[in-house]
Amino acid sequence: MTASAPGRAVVVGTGLIGGSIGLALRAQGWHVSGVDDDPVAADRALALGALDRVGDDPGADVAFVATPVGAVAGAAASLLASGVRVVTDVGSVKAPIVRAVADARFVGGHPMAGSEQVGVEGATAALFEGAAWVLTPGPNSSDDALLALRSLVASLGAEPIVLEPAHHDELVAMVSHVPHLTAATLMRLAGARSEEHRALLRLAAGGFRDMTRIAAGHPGIWPDICSENRDAIVAVLDDLIGELGEVRSMVADGRRSDLYEVLDEARTARLNLPVSGDLPDRLAEVRVPVPDRPGALAEVATTASTLGVNIYDLEIAHSGEGDRGVLVLVVAADDGARLVESLAASGMRAALAALP
């Protein structure tokens, strides 16, 4: 399932993300069918070129469930029952979904891309270019399904990252869920103040607009997200409230040096955010003998993600005899030794070789 071997895909939910997936797949030569609870939305996706046809496609090569997170498990189960080869989703909460869909052909997914635009009207084939696309296999997910999805999302221009479902939910509470709630709260506060001070929103400069842009996203998905990822979101909100309390004290007490230190630390952290880039000058190959069983690829890939090691290419060499195979990973040469050392600590003996 790659750009070089396109097949048949199904998209369930034809909004911004589902429509963008359809456009991106069709640009690669895939035949894309799609359905939506709202027939008008599906017809509009067809008219805009995000679909080849409206309807199901039993036995398709891959399906993407792009519904609110509360509806993902049911839709995924139906697709699997229809014979679709590999099923994934795009929801921003993963642990409860992966627990509910315990099938070798299902791998949870979350493209970290979006727009303040709403619905398929805002869809674009380029939405995922340069974006992280998290894949969260469960204990039953097959390595072949994970490898196929990793290859497919990479062909759409995204950077595939493999994480454990619960770890994903903890991280995304910090970098996505709480930022959205914070932006919405600040925008709501400004909106209320604008009723008394009509010039307030007219004075909103670039910083305010940048910080609150995500508050323009459709609110319909957020009650489900906050319910399904409640514990992680509440924990981050508690930390944020505590930090804001500290900043309030610094401002109220005139603690200039403490305030400067906080702002300087924040500036440094912001400047050090990783950005997408080209391939490094030197690459290395890491070969990892593993049991030929579900979960082996996920274990190695999550180790790499935890270390911050990007996997530029990956393949599985299945053994013709016995129950072992070899994972072949291509990573930056400077990262290879760290990855091999970490894998050894978890009982995997990997070999490292520089690539010409």
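Overview of the structure.

### Section: the sheet that holds strand β4 (residues 62–65)
In spatial order, the strands read β3-β2-β1-β4-β5; together these five strands make up an open sheet with parallel pairing. Of all the strands in the sheet, just β3 (53–54) and β5 (86–89) have a single pairing partner and so form its edges. Across two bridges, strand β2 (residues 31–35) lies against β3 in parallel orientation. The residue of β3 that forms the bridge with Ser33 is Arg53. Across the sheet, helix α3 (residues 72–81) is in contact with β1 (8–12), β4 and β5; its angle to β4 comes to roughly 165 degrees. Each of β4 and β5 is contacted by helix α5 (residues 143–155), which is oriented at about 60 degrees to β5, the strand it contacts most.

### Side note on the pairing of strand β11 (residues 324–332)
Looking down a regular strand, the side chains alternate between one sheet face and the other. A large share of β11 lies buried, amounting to seven of its nine residues. Two elements, strand β9 (residues 283–291) and β11, share nine bridges in a ladder whose sense is antiparallel. Pairing of Val288 across the sheet is with Leu327, part of β11.

### Some thoughts on the sheet that holds strand β6 (residues 108–111)
Reading across from one edge, β6-β7-β8 is the order of the three strands in this open sheet, with mixed pairing throughout. Only two strands of the sheet have a single neighbouring strand rather than two, namely β6 and β8 (159–162). Here the strands of the sheet are splayed against their neighbours by 25 degrees on average, with no regard to which way each runs. By the bridge criterion, four bridges tie β6 to strand β7 (residues 132–136) in an arrangement that is antiparallel. Residue pairing across strands places Pro111 opposite Trp133, the latter belonging to β7.

What counts, and where the lines are drawn
- Residues numbered from 1 in each chain as written.
- Predicted model: local features only at pLDDT ≥ 70, side-chain atom pairs only at ≥ 80, totals over all residues.
- Heavy atoms only, no water.
- Pairing = 2+ DSSP bridges.
- Helix = DSSP H or I, 4+ residues; strand = E, 2+ residues; numbered from the N terminus.
- Contact = heavy atoms within 4.5 Å.
- Axes fitted to C-alpha atoms, helices over the stretch in contact; angles between N-to-C directions.
- Buried < 20%, exposed > 50% of the residue type's maximum accessible area, 1.4 Å probe, protein only.

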